[in-house]
Structures are given as structure tokens and as C-alpha cells.
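These are the residues of each chain, in order.
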Amino acid sequence: LRQETILPGFKNSQMLCVVDSIDLEELSILNPTGIHYNDGFLVFPSIQGRQELQLLDMMENKVHTLQIVGDGPDEVQSYQVVRSDEFSHCIHLTDINSGKILELNLDSLREGVILRPYMSGYTPDRRRVFNSFENENYMFFNGIFEDGRFLSFHKKSRNSVFYDTFPENENTESLSPIMKSIVFNGTMMAGNEQHLATAFYGMIDFFQIEENGVLAPLANNYYFFPEFNANRGNGVAVSFSSENKEGFRDIRSGGDSVYLLFSNKNFKEDGYGALECPYLLSYDWLGNPKDEYLLEKPLYAFSLSDNKLYGLSREVEPKVYIYELPE
């Protein structure tokens, strides 16, 4: 056990060793920017080249490559995969610009019946959304909103509710809601049927999901705010300092824990190496630190299935490193 921890509150730090790996280059999965586990598939989005969506069926060791970027009704201009707690056999994708929501049925894909996603609807008022999470009843989005930080959307009733409170410090308190939403539009989220957790640089928030979709704050851990400059002229933009620690880079929930990748590096000193996270941290839903793991191979992104962690590494060529979390 390492006694020194990267953040306060953790009792100790222990090494987590790789138990297996997947060479993505051998499978012609070349430019993944994220990794999602769902129903026996590893799902890899890309923002490079033709921006294919690639799915590795681990039951059959077969790769499906879907060309989904275009101008058609069942295509998107740019997309994000909606994170889920594996409540169904479907994956949803959101188009950042148009508000389209596409659906891909994994059972049909495995059976070879439907080989493409299809449009299942739009975000409320076709709002521009970025990161998102869904459980059985709700989708939660962050994006450029005038109404608040997060949008809660009920799938059946199509009612929407905003959670309007942002983290505040001396650099944010004078900003308009729309500017705050631009600052925080990189916020990541994960959860389950009752909870939502969000992460941004050095900040984590924990929420209870109420019956009407309202987010009730449970706790927050604000280790550090990032330094940024907000341009309020004609070209509204926010730029972040290259000296910021990258902090929390990915988040997932599993059982009674929230897991996050953490990088203590910055772009000024480490370039893109700052995105490779050597630490995995876990918390309970009340925000209490639980376990800190030092990863044998640093990760860029990850996903969970029970006690298995599938981590995306881009140190040299893209690989998936598989870890087993202690029971």
C-alpha cells in the first residue's frame, strides 16, 4: 500500500495491475476518443477522419464499423454517445449541433438485422447538448443553456426541468448564465436510477434524482477551479489555462460507488500526455472518498461492467487495458 494519496481524504493508495488487454490496431479500431461498455459490446466513438462509430462485439470478437456522419435523416454532423447504466440493449447518440437523438439496437446489430442507428427524436427545443447520461426514465444533458447547468428530460412525458446552479468562485460570479454554461460545458456525468454524479476539472457534484427529475444536491468536492478567460465580445469563447491540472477526465458509476480517472498533469508541461490518467478514485454517493488506485497503465477513458474496468490507453497506439476492481 502507498500511504501518500493524490487528493485528501483517501486512507491509502494501492496499485491496480492489468489483467488483460485488447490491441485495437489489430482490429482496425484506430482513432477512438472514448470507450463505452454496453451489453457485451465495447463502443468506440471517434472525432477524426470519417468519425465512424465502431463496436467490438466481445461475444463474437467481431467489429462493426458504422458510418453515421452526414446530412441524411439518420445521420449526424458530430456526435456524442449517451452514457447509460445498462438498463436496455440500446445505445443513444446525440448530435451536438442539431439536437438529433439517434438510437442503435444492439440485439438487432448482433443479429445482423439493423446495421445503422435511426433517428428517435430530438433534444427539448433542439437545444445544443454536449455530455449526457440516461437511466430508464430520464436523459440528463449539459450544454449551452440560458436556463441552468443541467437539463433533465423525461423520455415518456417529454417534460424537461433545469438544474440552474453552477459552481461559483470570484471568476464566475459575474458571468451571465449563458457564459457559465459555456465555461462548464465540458462537465461529464454518470449515475444510476437514483443518483447523478458530475465532474469538471477539480470539481465533483453528487445529486439525488427526485421523482420529477429534479436534481437535489447531496454533496460536492471542489478541490480546485480551473483558470480561464472569457471573451464577451462578438465571438463568445472561453479559453482555459495550459497550467491547469487536467483533474477528473472520465467518470462512471458502479454499484454503490462513483469512479473517476484523475490526472495531476497539465498541458504546459506534459502536452497531450496530460490526458493520460495514472489514478482511479472512488467515492460513495455522499461524496466521501473511498479508494485510490495507482494504475499500472494510465488511461485516457474507461467504462465498467460489474467489477471489470475497460480502459482506453493512447500512450502509443490505441489499446484497451482490462483491470479487475477489488470486491
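Check the entry above for the structure.
A short tour of the structure in this document, coming up. Since this is a predicted model, take the numbers as computed values, not measurements.

1. Some thoughts on the overall build of the protein
Logical step 1: Regarding its fold elements, the protein presents 3 helices and 28 strands.
Logical step 2: Expected size for 327 residues packed as a compact globule is a radius of gyration near 20 Å; at 19 Å, the protein falls within 12% of this value.
Logical step 3: Projected onto the principal axes, the alpha-carbon positions of the protein cover approximately 55 × 50 × 40 Å.
Logical step 4: Here the protein, with 327 residues, has 52% of them falling under the buried criterion.
Logical step 5: In the protein, once contacts between residues fewer than 6 apart in sequence are set aside, the share between residues at least 24 apart is 49%.
Logical step 6: As presented, the protein carries roughly 14500 Å² of accessible surface, and 43% of it is formed by carbon and sulfur atoms.
Logical step 7: One finds the centroid of the 27 positive side-chain charges in the protein at a distance of 3 Å from the centroid of its 48 negative side-chain charges.

2. Side note on the sheet that holds strand β12 (residues 129-134)
Logical step 1: If you walk across this open sheet you meet the 5 strands as β8-β12-β13-β14-β15, and the pairing is mixed. Looking at the sheet topology across the chains shown, the edges are occupied by β8 (83-84) and β15 (160-163).

3. Let's talk about the pairing of strand β24 (residues 277-283)
Logical step 1: Burial runs high along β24: 7 of the 7 residues are buried.
Logical step 2: Two elements, strand β23 (residues 257-263) and β24, share 5 bridges in a ladder whose sense is antiparallel. Residue pairing across strands places Leu260 opposite Leu281, the latter belonging to β24.
Logical step 3: Pairing geometry for β24 and strand β25 (residues 289-299), over 5 bridges, is antiparallel. For Tyr279, the partnering residue across the bridge sits in β25 and is Leu294.
Logical step 4: Connecting β24 to the next strand, β25, in antiparallel fashion are 5 residues, including Gly287 with a positive phi near 85°.

4. Some thoughts on unusual backbone geometry
Logical step 1: The phi angle at Asp125 is positive, at roughly 55°, despite the residue not being glycine.
Logical step 2: Residue placement: Asp125 occurs in the loop between β11 (118-122) and β12.
Logical step 3: Judged by relative accessible area, which is 69%, Asp125 ranks as exposed.
Logical step 4: At Arg158, a residue that is not glycine, the phi angle is positive and equals roughly 65°.
Logical step 5: Locating Arg158 in the fold gives a position in the loop between β14 (150-154) and β15.

5. Observations regarding the nonpolar core
Logical step 1: Counting 29 residues, the largest nonpolar core has Phe248, Ile251, Leu260, Leu281 and Tyr283 as its most contacted members.
Logical step 2: Counting only elements with at least two residues in this core, the list comes to α2 (177-183), β16 (188-191), β17 (195-200), β18 (202-209), β22 (247-254), β23 and β24.

6. Re a negative patch on the surface
Logical step 1: On the surface, a cluster of negative charge is contributed by Glu86, Asp306, Glu324 and Glu327.
Logical step 2: Among the structural elements, Glu327 can be located in the segment after β28 (319-324).

7. Considering the pairing of β17
Logical step 1: Burial within β17 is extensive, with 6 of its 6 residues counted as buried.
Logical step 2: Residues His195, Ala197 and Ala199 point to one face of β17 and Leu196, Thr198 and Phe200 to the other, with burial holding for every one of them.
Logical step 3: Taken together, the 4 bridges between β16 and β17 define a ladder with antiparallel strand orientation. Each residue of the ladder has a partner; that of Gly191, found in β17, is Leu196.
Logical step 4: Hairpin connection between β16 and β17: a loop of 3 residues separates the two successive antiparallel strands.
Logical step 5: Relative to β18, β17 runs antiparallel, the two being bridged by 6 bridges. The residue bridging Thr198 from the neighbouring strand is Asp205, located in β18.
Logical step 6: Connecting β17 to the next strand, β18, in antiparallel fashion are 1 residue, including Tyr201 with a positive phi near 50°.

Criteria and cut-off values
- Per chain, the residues get numbers from 1 upward, laid out in the order the sequence is written.
- With the structure being a predicted model, the display of local features is reserved for residues of pLDDT at least 70 and the display and counting of side-chain atom pairs for 80 or more, all residues being used for whole-chain, interface and lining totals.
- No hydrogens and no water enter the side-chain calculation; it runs on all heavy atoms of the structure.
- Numbered from the N terminus, helices here are DSSP runs of H or I no shorter than four residues, and strands are runs of E no shorter than two.
- Only the C-alpha atoms count toward the radius of gyration. The rule for a globule is 2.2 Å times the residue count to the power 0.38.
- Only protein chains enter the accessibility calculation, which uses a 1.4 Å probe; a residue is then buried when its area is under 20% of its type maximum, exposed when over 50%, and partly exposed in between.
- Contact between two residues is taken to exist if any of their heavy atoms lie within 4.5 Å; hydrogens are not considered.
- Using a 1.4 Å probe, the Shrake-Rupley method yields the accessible areas, and only the shown protein chains count as cover for residues.
- His residues and chain termini do not enter the charge count, which takes Lys and Arg as positive and Asp and Glu as negative.
- Charge coordinates come from a single atom per side chain, which is NZ of Lys, CZ of Arg, CG of Asp or CD of Glu.
- Should DSSP find at least two bridges between two strands, the strands are regarded as paired.
- Residues grouped as a nonpolar core are buried Ala, Val, Leu, Ile, Met, Phe, Trp, Tyr and Cys residues, joined through side-chain atoms within 4.5 Å.
- The residues that make up patches have over 30% relative accessible area and no salt bridge, and they are joined within 9 Å when like-charged or within 5 Å when they are Val, Leu, Ile, Met, Phe, Trp or Tyr.
- Every case where a carboxyl oxygen of Asp or Glu lies within 4 Å of a side-chain nitrogen of Lys or Arg is listed as a salt bridge.

From the geometry alone we can't say anything about function, so treat these as descriptive.
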